[in-house]
Amino acid sequence: MCYKVGVTKSISREILVLGGVIVLGAIMSILDATIVNVAVPTLARRFGASVAAIQWVVTAYLLAFAAVIPLSGWLTRRFGAKRVWIAALTLFMAGSVLAGLSWSLGSLVVFRVVQGLGGGLIMPVGQAILARAAGPERMGRVMSVVGIPMLLAPVFGPVLGGLLVDGASWRWIFFVNLPVGVLALVLAVRLLPPSPPQPVPRLDVRGLVLLPPGLALSVYGLAQVGPHGTITGARTLVPLLAGIVLLALFVPHALRLRHDALLDLTLLQSRGFAAACATTLLLGIALFGALILLPLYYQLVRGESALATGLLLMPQGLGAALAMPVAGWLTDRSGARAVIPLGICVALVGALGLTRVEGDSSFVLLASALFVIGLGLGSTIMPAMAAAFQSVPRDAVEQATSTINVVQRLAGSLGTALLAVVLQRQLPAHSPASAFAHSFWLAAALVAAALVPALLLPRRRERSVHQPATVS
């Protein structure tokens, strides 16, 4: 049972400051998921390793990042959000320093795991801090602040990585985290609100054995699709099936434990939360799928460098940055259902523009399509997350952040794998440009499919009766 709240509260200076601190930490952890990609050839030469071996520098970070996310809710409640966020940021910075000082490929991979364990906690714990501070009435605008690193880092990461590798040293792709991290750490100690530990059940050990390894194996299997171009090879299929089995075993276990499970699946009984998760999943698959196709198109078809490719992707980030504040304000004022379907239609227009791509397509037209996609994504991803938080009781915020971040991680892996397979299948039968154009049709279809769950979102902004109404 829910009731409507008719007053939209303004965002205070304190919440904006909190958002700035969280973004400082979060943008580093998400940047590191992409910034290293452009340095892979340099690292392979430095350590005398094959490209297949050096890919573990990327893969190890992503696996650790994904595996630790389900723990974020329990850790936040058990030790307090502020302590966990500061500890996660400290661990991430320690991993960055050690990675920059690496003396061998093995040491670099190990230190990337340390980075990933810290980085995977920063975003969900930070979201929980902001969600509790903002309350449902301001969730749309606050999530638009948190969305900055999520939507912009994948675009600007390759640009920054290319600049650092070309202009300095590969070690600086890790050392660059230090000044930002130190600033975020100092501000966090001073400005993050105290969050005392809460009474929690014992750690769900069986869930810990099933969920994080299942998530990591699934992400790893899907990540292997791109390099190998198939989902049926042993190196892809074995870890993927193992991960799916573990995740499938976790579901009845979590439903039996209900709120005491490592991930509270009963939250999906809320139509608003389930619809928000489904919308986030489909849009995430399309977003990350397009982000794997576009760089490949610019490099393979147009012959652009990694740095130039990063610059050519920037219109999408610009569009998202312009749309997010407006979409957040509208979400708080009128509800996510009034905003997200329109944003999906805008993103669909841009995606359909990319289905017309040719070998000599105008860079201006491509930039325009990317800008429109950015406008659409900036109007959908974060409002969907805001709708998810608005649909759960305040005491379930930590569990909700874990769930929504697991969905996003799976969406990124699924999108990358799915579009890579489609492109691989299209290349033998078509010219390179036509193969990309056909693949973009799938991305457009996924964007359109997101309209279905988006139309199931609550019509107006609502709050659970478990949360006290606050009106200023």
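**Remarks on the overall build of the protein chain**
Counting secondary structure elements, the protein chain contains 22 helices and 2 strands. Relative to its length of 472 residues, the protein chain is compact, with a C-alpha radius of gyration of 21 Å against a globular reference of 23 Å. Projected onto its principal axes, the C-alpha coordinates of the protein chain cover approximately 60 × 45 × 45 Å. When each of the 472 residues of the protein chain is scored for burial, the buried share is 57%. A separation threshold of at least 6 residues defines the contact pool for the protein chain, and within that pool the share at least 24 residues apart is 84%. Across the protein chain, 32 positive and 14 negative side-chain charges occur, with their mean positions spaced 4 Å apart.

**Topic: the packing of helix α1 (residues 13–35) against helix α4 (residues 56–68)**
Contact geometry for α1 and α4: axes closest at 9 Å, N-to-C directions at 140 degrees. α4 is crossed by α1, and the crossing has left-handed handedness. For the pair α1 and α4, the contacting residues are S29, D32 and A33 in the first and Y61, L62 and F65 in the second. Class assignment of the residues belonging to the contact of α1 with α4 gives a composition of 4 nonpolar, 1 polar and 1 charged.

**Here's the deal with the nonpolar core**
Ranked by internal contacts, the top residues of the largest apolar core, which has 115 residues, are W85, M143, L192, F250 and F389. Considering each element in turn, this core owes the most residues, 14 residues, to helix α14 (residues 271–301).

**Regarding unusual backbone geometry**
Even without being a glycine, R258 presents a positive backbone phi close to 55 degrees. In this structure, R258 sits in the loop between α13 (234–257) and α14. The partly exposed category is assigned to R258, whose relative accessible area is 39%.

**Overview of the confidence of the model for the protein chain**
As a general rule, the predicted coordinates of low-pLDDT regions are not to be interpreted in detail. For the protein chain, the mean per-residue pLDDT works out to 82, and 91% of the residues sit at or above 70. Mean pLDDT values for the elements of the protein chain range from 36 in strand β1 (residues 2–4) up to 94 in helix α6 (residues 81–100). Predicted confidence for residues 1–8 stays below pLDDT 50, and this span has 28 contacts to residues more than four positions away or in other chains.

**Considerations on the side chain of Q127**
Mapped onto the secondary structure, Q127 falls in helix α7 (residues 105–134). Of the residues examined, Q127 reaches a relative accessible area of 0% and is grouped as buried. Within the structure, the side chain of Q127 is placed 2.8 Å from the side chain of N405, a separation counted as a polar contact.

**Description of helix α5 (residues 72–79)**
Of all 8 residues making up α5, 6 are buried, and the element is well covered by its neighbours. Within α5, the full set of buried residues consists of S72, G73, W74, L75, T76 and R77. Check the buried side of α5 and you find it contacts α4, α6, α7 and α20 (397–426). Downstream of α5 by a residue or two, G80 has a phi angle that is positive, lying close to 95 degrees.

**Some words on the pattern of salt bridges**
In the structure shown here, the tally under the stated rule is 1 salt bridge. The shortest N-O distance in the salt bridge between R132 and E398 comes to 2.7 Å. With R132 in helix α7 and E398 in helix α20, the pair connects residues that are 266 residues apart, well separated along the chain. Look at E398 and you get buried, because its relative accessible area is 3%.

**Details of the packing of aromatic side chains**
Throughout the structure, instances matching the rule amount to 10 aromatic pairs. Taking the centre distance of 6.3 Å and the plane angle of 85 degrees together, the rings of W170 and F174 count as edge-to-face. Comparing W170 with F174 shows no difference in burial state: the two are buried. With a centroid separation of 5.8 Å and an interplanar angle of 75 degrees, the aromatic rings of Y297 and F436 are classed as edge-to-face. Of the two residues, Y297 sits in helix α14 while F436 sits in helix α21 (residues 432–449), which places them 139 residues apart along the sequence. Each member of the pair, Y297 as well as F436, carries the same accessibility label: buried. The ring of F79 is capped by R78, whose NZ or CZ atom sits 4.8 Å from the centre of that ring. The ring of F363 has R302 lying over it, and the distance from NZ or CZ to the ring centre is 4.3 Å.

The rules behind the values
Residues numbered from 1 in each chain as written. Predicted model: local features only at pLDDT ≥ 70, side-chain atom pairs only at ≥ 80, totals over all residues. Heavy atoms only, no water. Helix = DSSP H or I, 4+ residues; strand = E, 2+ residues; numbered from the N terminus. Rg over C-alpha atoms; globule rule 2.2 N^0.38 Å. Buried < 20%, exposed > 50% of the residue type's maximum accessible area, 1.4 Å probe, protein only. Contact = heavy atoms within 4.5 Å. Lys, Arg positive; Asp, Glu negative; His and termini not counted. Charge placed at Lys NZ, Arg CZ, Asp CG, Glu CD. Axes fitted to C-alpha atoms, helices over the stretch in contact; angles between N-to-C directions. Left-handed = near helix turned anticlockwise from the far one by under 90°. Nonpolar A, V, L, I, M, F, W, Y, C, P; charged D, E, K, R; others polar. Core = buried A, V, L, I, M, F, W, Y, C linked by side-chain atoms within 4.5 Å. pLDDT = per-residue confidence, 0-100. Polar contact = N/O pair within 3.5 Å; in protein donor to acceptor, adjacent residues only side chain to side chain. Salt bridge = Lys/Arg side-chain N within 4 Å of Asp/Glu carboxyl O. Phe/Tyr/Trp six-rings, centres within 6.5 Å; stacked < 30°, edge-to-face > 60°. Lys NZ or Arg CZ within 6 Å of the ring centre and 35° of its normal.

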